[in-house]
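Survey of secondary and tertiary structure
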Amino acid sequence: MMDTILPHDLPAANKLVTVAQMQAIERAADARGHSYAAMMEIAGRAVADTVVAHVQSATAPVLVLVGPGINGGDGLVCARQLIQAGLSVRV
């Protein structure tokens with residue numbers, strides 16, 4: 001059985017986790033009272049913050065690809081945050 005991995009257990013440079021690791025992180029966070037909706041907000045905001053920090057021009061359009069499921073929710077949060085930051089966004 002896999003040990004539970006929490007985000008603070010990961011080295012700062014390690015931004016990728018396996019599907020099983022992400023599912024364990026989400027289950028642990030849910031068990032601690034973090035709703036999936038709150039996790040989507042956090043994830044989407046983090047991606048948007050990273051895009052804003054690296055964007056070269058506020059006029060360059062940003063394309064956010066959104067699929068079904070929870071990751072799609074993260075993408076919609078990201079798109080909303082980018083629009084609020086003043087970027088041109090297509091979903």
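Before any of the text, the structure's been laid out above.
What comes next concerns the included structure. (Residues numbered from 1 in each chain as written. Predicted model: local features only at pLDDT ≥ 70, side-chain atom pairs only at ≥ 80, totals over all residues. Heavy atoms only, no water.)

**Describing the overall build of the protein chain**
Each helix and strand in the protein chain was counted, giving three helices and two strands. Along the protein chain, helices (α) and strands (β) appear in the sequence α-α-β-α-β when read from the amino end. Taking the contacts inside the protein chain whose residues are at least 6 apart along the sequence as the reference set, 56% of them involve residues at least 24 apart. Summed over its atoms, the accessible surface of the protein chain is roughly 6500 Å², and 61% of this surface lies on carbon and sulfur atoms. (Helix = DSSP H or I, 4+ residues; strand = E, 2+ residues; numbered from the N terminus. Contact = heavy atoms within 4.5 Å. Areas by Shrake-Rupley, 256 points an atom, 1.4 Å probe, with all protein chains shown as cover.)

**A short note on helix H2 (residues 36–54)**
Here H2 spans 27 Å end to end across 19 residues, near enough to the 27 Å set by a 1.5 Å rise per residue. Along H2, the residues classified as buried are Met-39, Gly-44 and Ala-48. Buried residues of H2, viewed axially, fall in a sector of 160°; they line one side. Across from the buried face of H2, at angles greater than 90 degrees, the exposed residues are Ile-42 and Ala-53. (Expected span 1.5 Å × (residues − 1). Buried < 20%, exposed > 50% of the residue type's maximum accessible area, 1.4 Å probe, protein only. Arc of directions from axis to C-beta.)

**Thoughts on the nonpolar core**
Membership of the largest hydrophobic core is limited to eight residues, which are Ala-48, Val-62, Val-64, Cys-78, Ala-79, Leu-82, Leu-87 and Val-89. Per-element accounting of this core gives the leading share, three residues, to helix H3 (residues 70–84). Setting aside chain neighbours within four positions, we find Leu-87 in contact with Val-52, Val-55, Ala-58, Val-62 and Leu-82. (Core = buried A, V, L, I, M, F, W, Y, C linked by side-chain atoms within 4.5 Å.)

**Brief notes about helix H1 (residues 19–31)**
Here H1 spans 18 Å end to end across 13 residues, near enough to the 18 Å set by a 1.5 Å rise per residue. All of the buried residues in H1 are Ala-24, Ile-25, Ala-28 and Ala-29. Projected down its long axis, H1 carries its buried residues within an arc of 130°, all on one side. Along H1, the residues that are exposed and aim more than 90 degrees away from the buried face are Val-19, Arg-27 and Ala-31. The elements touched by buried residues of H1 are H2. Just beyond H1, the residue with positive phi is Gly-33, at close to 100°.

**Comments concerning the environment of Ala-43**
Relative to the helices and strands, Ala-43 resides in helix H2. We classify Ala-43 as partly exposed; its relative accessible area is 29%. In sequence terms Ala-43 and Cys-78 are 35 residues apart; their C-alpha atoms lie 7.9 Å from each other.

**Examining a nonpolar patch on the surface**
On the surface, Val-66, Leu-76 and Val-91 cluster together into a nonpolar patch covering about 260 Å² of accessible area. By the secondary structure assignment, Val-91 is in the segment after strand E2 (89–90). For Val-91, a relative accessible area of 61% translates into the label exposed. (Patch = residues over 30% accessible without salt bridge, like charges linked within 9 Å, V, L, I, M, F, W, Y side chains within 5 Å. Salt bridge = Lys/Arg side-chain N within 4 Å of Asp/Glu carboxyl O.)

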